[in-house]
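# Examining the three-dimensional arrangement
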2 protein chains.
Amino acid sequence: MTLKTSWVTSANDAGHPFPLNNLPYGIFSTEALDPRCGVAIGDMILDMQRAEEAGVVTLDDGPVFDVPFWNELMELGPEAWDALRERLIQLLSDGAAERSKVEPLLVPQSEAEMHMPFLVAEYTDFYAGKNHATNIGTMFRGAENALPPNWLHIPIGYNGRASSVVVSGTDVRRPWGQLKGPNDDKPRFAPCARFDIELEMGAIVGTASDGPITVQEADDNLFGYVLLNDWSARDIQAWEYQPLGPFQAKSTATTVSPWIVTKAALEPFRCDTPPREVELLDHLKDVGPMLYDIDLSVTLAPEGKAATTIARTNYKELYYSAAQQLAHHTTSGTPMNVGDLLGSGTISGAEKNERGSLVELSWGGKEPIELDSGETRSFVEDGDTLTLRGAAKGDGYTIGFGDCFGTVLPALKDPYAR
Amino acid sequence: MTLKTSWVTSANDAGHPFPLNNLPYGIFSTEALDPRCGVAIGDMILDMQRAEEAGVVTLDDGPVFDVPFWNELMELGPEAWDALRERLIQLLSDGAAERSKVEPLLVPQSEAEMHMPFLVAEYTDFYAGKNHATNIGTMFRGAENALPPNWLHIPIGYNGRASSVVVSGTDVRRPWGQLKGPNDDKPRFAPCARFDIELEMGAIVGTASDGPITVQEADDNLFGYVLLNDWSARDIQAWEYQPLGPFQAKSTATTVSPWIVTKAALEPFRCDTPPREVELLDHLKDVGPMLYDIDLSVTLAPEGKAATTIARTNYKELYYSAAQQLAHHTTSGTPMNVGDLLGSGTISGAEKNERGSLVELSWGGKEPIELDSGETRSFVEDGDTLTLRGAAKGDGYTIGFGDCFGTVLPALKDPYAR
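Residues numbered from 1 in each chain as written. Chains lettered and ligands numbered in written order. Predicted model: local features only at pLDDT ≥ 70, side-chain atom pairs only at ≥ 80, totals over all residues. Heavy atoms only, no water.

### Details of the overall build of chain A
Counting its secondary structure elements, chain A contains ten helices and 29 strands. In terms of overall dimensions, chain A has C-alpha extents of about 70 × 50 × 40 Å along its principal axes. Counting all 418 residues of chain A, 63% fall into the buried class. Nonlocal contacts in chain A, meaning residues at least 24 apart in sequence, comprise 71% of its contacts between residues at least 6 apart. When the accessible area of chain A is evaluated, it comes to approximately 14,800 Å², of which 48% is carbon and sulfur surface. Across chain A, the mean location of the 33 positive side-chain charges is 7 Å away from that of the 60 negative side-chain charges. (Helix = DSSP H or I, 4+ residues; strand = E, 2+ residues; numbered from the N terminus. Buried < 20%, exposed > 50% of the residue type's maximum accessible area, 1.4 Å probe, protein only. Contact = heavy atoms within 4.5 Å. Areas by Shrake-Rupley, 256 points an atom, 1.4 Å probe, with all protein chains shown as cover. Lys, Arg positive; Asp, Glu negative; His and termini not counted. Charge placed at Lys NZ, Arg CZ, Asp CG, Glu CD.)

Listed below in structure tokens is the structure:
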């Protein structure tokens, strides 16, 4: 697949995250415009609300752009998803006949504030990165018990907290929580001292289901992908997670990228999961390439200082695809809804500088990492800005998600003061 | 507190679950009426949609009864909750001046079908019954590790799946899942063979919060309570739950009672939590009586046969109140929303016949229980109807929730057949 050129010329730069091949979906506002659906093209955003009002874009069973979230398009189903993409490509291609109608509907990204691109119905977080699971398991339970016995047979997941999902740019307040160190007599209530990130991708369910679905059906039901940072309070997690799993450690915030990249845009980057170490049961078997070749990175910028890239990895490091996760999610009959968000689990490569969380990078704080500024980090410190980036590299073009970032604010002095 | 008498005379029987003291909230429909809000009084239901349309009930900032769920009333806040209750008591009391206006708005319960009484925003399930936690811990991890080290310090909870919550009367399909018995070489995909119930109460968040809240604030934010049966696939749970907690084992269905009993109706039945075995940290300490004295029971009826009461216990057996659970839920800053549902955790008394799940009653299947029909049960069998009941006993009156029941259908032969 090569670059499709657009009359929005900024979109034609090989390194630009939003070429015509991408067309990701977000929610934006400006001083003049209330939050609304928009499509990124180069340095601009196409205002979908005005496009629909003006009849430039019409969908059977619409309108869908009179609300500030993309769920209504998802509800219309895959044929509508394809029809919209086709129409957008037609409108924005180099030499488009209707350019003069579209041009007044463009807004510079520099003037836009981004909002949550969709209503999160429910949020599930998986644990599908083998390097991450091995690293965490080694630290929490010892090398002998690193990978749980079920890990190679099911994509382990747990239900997260949808209300804590926020869009990139939202500040994240360091949480308080109940903690008990290995040498403490008893627990105490204190600010988290081991606040962490998790580099993940999020898959968005675009078609509802009610009952078990196959891996192929699951892939068909996915609408698109976002970058996802699952902020994690490791000290709270260590004390609370047995026996029923992470709870308050994972519910302060989960940050997603401002742009949903559609499955259609990622199609050329499909790739297989790594070789199976044990054969999966039939209902979870791979039935085609359902991971994607997407370069991922994390940077950390201390307050007022330049950012250091602390990790680089790739989405294809995961052991299970989002389709396999969704198929497993439905085995017991769980109804899935439009807007359900599935976190991939932390994505870590095999090498030390490919690890997608600080607890792995600093090996539980024992090996602090060095930043370009000369500072070191074991976990996130107040004022740090953490940024995830993703890029699928085509022939002369790049598919990006927009920066997925958050700055950590100090814990409240008294969380109960009013 | 004694019986308040109503001109709906069926409400005045000492054993009737819906006296004027109760006034629980549900959603009902009839052949002639679409699903709508209703209030139970004796054998009748007051149609709130028509009551509001007719101006018999008006709320500042209303209307709220033009939708088939109670969330809009919750949104109005505690003053509106109190105002509505006061008005309902005025309208339905013996000798009410406006009886002639109200009487045409009553519908016999025998003609009504019940629906989910509220939109579940998110669902969290706790583990706050000490007898249950000890029993389960002993079976899953041995007597030495029965109660996890954190159990006496925090109300352990995990996020559940809101989309799986259904109203009483909904059939429950036995799920498939990935299982691996202790003697199996490898896992297999099969129908659940150890399908179970969990006798719980559900607390409904009526006021949103954003950040840590105190136990008192948490109690203030609760709107009411339902009975709750958290159907559980024990064999799926045993294989999947380490390390991130229950997932597919708990997402087939959770059944709630058709009626929400308000906090106001339960006020006379408030009682203290049991004595603390270790002192709680300040932010979780009891600040008043926040459990309730509610008798609970479970019956099991094989298909076509009479029901046997298999367990009797009381809500006050819990170690943590819903207010303490909600306070803990917010420690890390989790935003809570109107309609969030908090399952109490399984409620078991100290005695064998007071256990709120079959896995406890049959001790993991080793001691099957006998039914009145002569049959035995280790777990739920196809065709069984399980019914939870709850009753708070006042002076000459009873506060009930309506039966919370579900019948288990056989697993699909092929869950992927279309």
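Now, onward.
### Brief notes about the interface of chain B and chain A
Listed by partner, the interface residues are 60 residues for chain B and 60 residues for chain A. Of the roughly 5,400 Å² buried between chain B and chain A on both sides combined, carbon and sulfur atoms contribute 57%. Contact with chain A buries area across many residues of chain B, yet Arg-161, Leu-244 and Phe-247 of chain B alone supply 15% of it, more than any other trio. Counting every contact that joins chain B to chain A gives six salt bridges. Between Glu-122 of chain A and Arg-161 of chain B there is a salt bridge; the shortest N-O distance is 3.4 Å. Mapped onto the side of chain B that touches chain A, the elements with two or more residues apiece are strand 6 (123–126), strand 7 (157–159), strand 10 (176–179), strand 11 (188–191), helix 7 (234–240), helix 9 (322–329) and strand 23 (335–336) of chain B. Split into classes, the residues belonging to the side of chain B that touches chain A amount to 28 nonpolar, 24 polar and eight charged. (Buried area = accessible area lost by both parts, 1.4 Å probe. Salt bridge = Lys/Arg side-chain N within 4 Å of Asp/Glu carboxyl O. Nonpolar A, V, L, I, M, F, W, Y, C, P; charged D, E, K, R; others polar.)

### A word on the relation of the copies chain B and chain A
Note: a rotation about an axis with an accompanying shift along it relates these two copies of the chain. At an RMSD of 0.0 Å, chain B and chain A line up after a rotation of 180 degrees and a shift of 0.0 Å along the axis. In short, the pair behaves as if placed about a two-fold rotation axis. Ranked by how close their C-alpha atoms come to the rotation axis, the residues of chain B are headed by Gly-245 of chain B, at 2.1 Å. Both copies present the same face, since 100% of the interface residues in chain B are matched by interface residues at the equivalent positions in chain A. (Least-squares fit on C-alpha atoms with pLDDT ≥ 70 in both.)

### Topic: the sheet that holds strand 3 (residues 44–47) of chain B
Think of a sheet as strands paired side by side through backbone hydrogen bonds, with each pair either parallel or antiparallel. All names here are of chain B. Within the open sheet, the five strands sit side by side as 4-3-2-1-5. Their pairing is antiparallel. Of all the strands in the sheet, just strand 4 (106–108) and strand 5 (113–115) have a single pairing partner and so form its edges. Sheet twist, expressed as the average angle between the axes of neighbouring strands with direction ignored, equals 50 degrees. In this sheet, strand 3 lies alongside strand 2 (residues 36–41) in antiparallel orientation, the contact comprising four bridges. Among the inter-strand pairings, Ala-40 is bridged to a residue of strand 3, identified as Ile-45. (Pairing = 2+ DSSP bridges. Axes fitted to C-alpha atoms, helices over the stretch in contact; angles between N-to-C directions.)

### Here we look at the side chain of Thr-255 of chain A
Residue and element names in this part refer to chain A. Its location among the elements puts Thr-255 in strand 17 (residues 254–256). Looking at Thr-255, its side chain comes within polar contact range of the side chain of Trp-231, at 2.8 Å. For Thr-255, the contacting residues outside a window of four places in its chain are Val-166, Val-167, Ser-168, Val-172, Leu-227, Leu-228, Asn-229, Trp-231, Cys-404 and Phe-405. (Polar contact = N/O pair within 3.5 Å; in protein donor to acceptor, adjacent residues only side chain to side chain.)

### A few points about the domain arrangement of chain A
All names here are of chain A. Under the domain assignment, chain A is made up of domain 1 (9–115) and domain 2 (123–409). Averaged C-alpha coordinates put domain 1 and domain 2 at centres separated by 28 Å. Contacts between domain 1 and domain 2 engage 25 residues on the former and 25 residues on the latter. Between domain 1 and domain 2, roughly 1,900 Å² of surface is buried when both sides are summed, and carbon and sulfur atoms account for 68% of that area. Area buried by domain 1 at its contact with domain 2 is led by Tyr-25, Met-74 and Trp-81, which between them contribute 29% of it. (Domains from an automatic or database assignment.)

### Topic: the UniProt feature "binding site: substrate" (unreviewed entry) in chain A
UniProt annotation of "binding site: substrate" (unreviewed entry) refers to Tyr-127, Arg-141, Gln-237, Tyr-241 and Thr-346 of chain A when read in the numbering used here. Locating Tyr-127 of chain A in the fold gives a position in the loop between strand 6 (123–126) and helix 5 (130–141). Each residue touching Tyr-127 of chain A, except ones within four places of it in the same chain, is listed here: His-132, Ala-133, Ile-136, Gly-137, Arg-141, Trp-151, Ile-156, Ser-344 and Gly-345 of chain A together with Pro-243 and Leu-244 of chain B. Mapped onto the fold, Tyr-241 of chain A is located in the loop between helix 7 (234–240) and strand 17. Setting aside residues up to four positions removed in sequence, Tyr-241 of chain A forms contacts with Phe-140, Arg-141 and Pro-246 of chain A together with Pro-243 of chain B. Polar side-chain contacts of Tyr-241 of chain A include one of 3.3 Å to the side chain of Arg-141 of chain A. (UniProt positions renumbered as here; feature names shortened; annotations may be inferred.)

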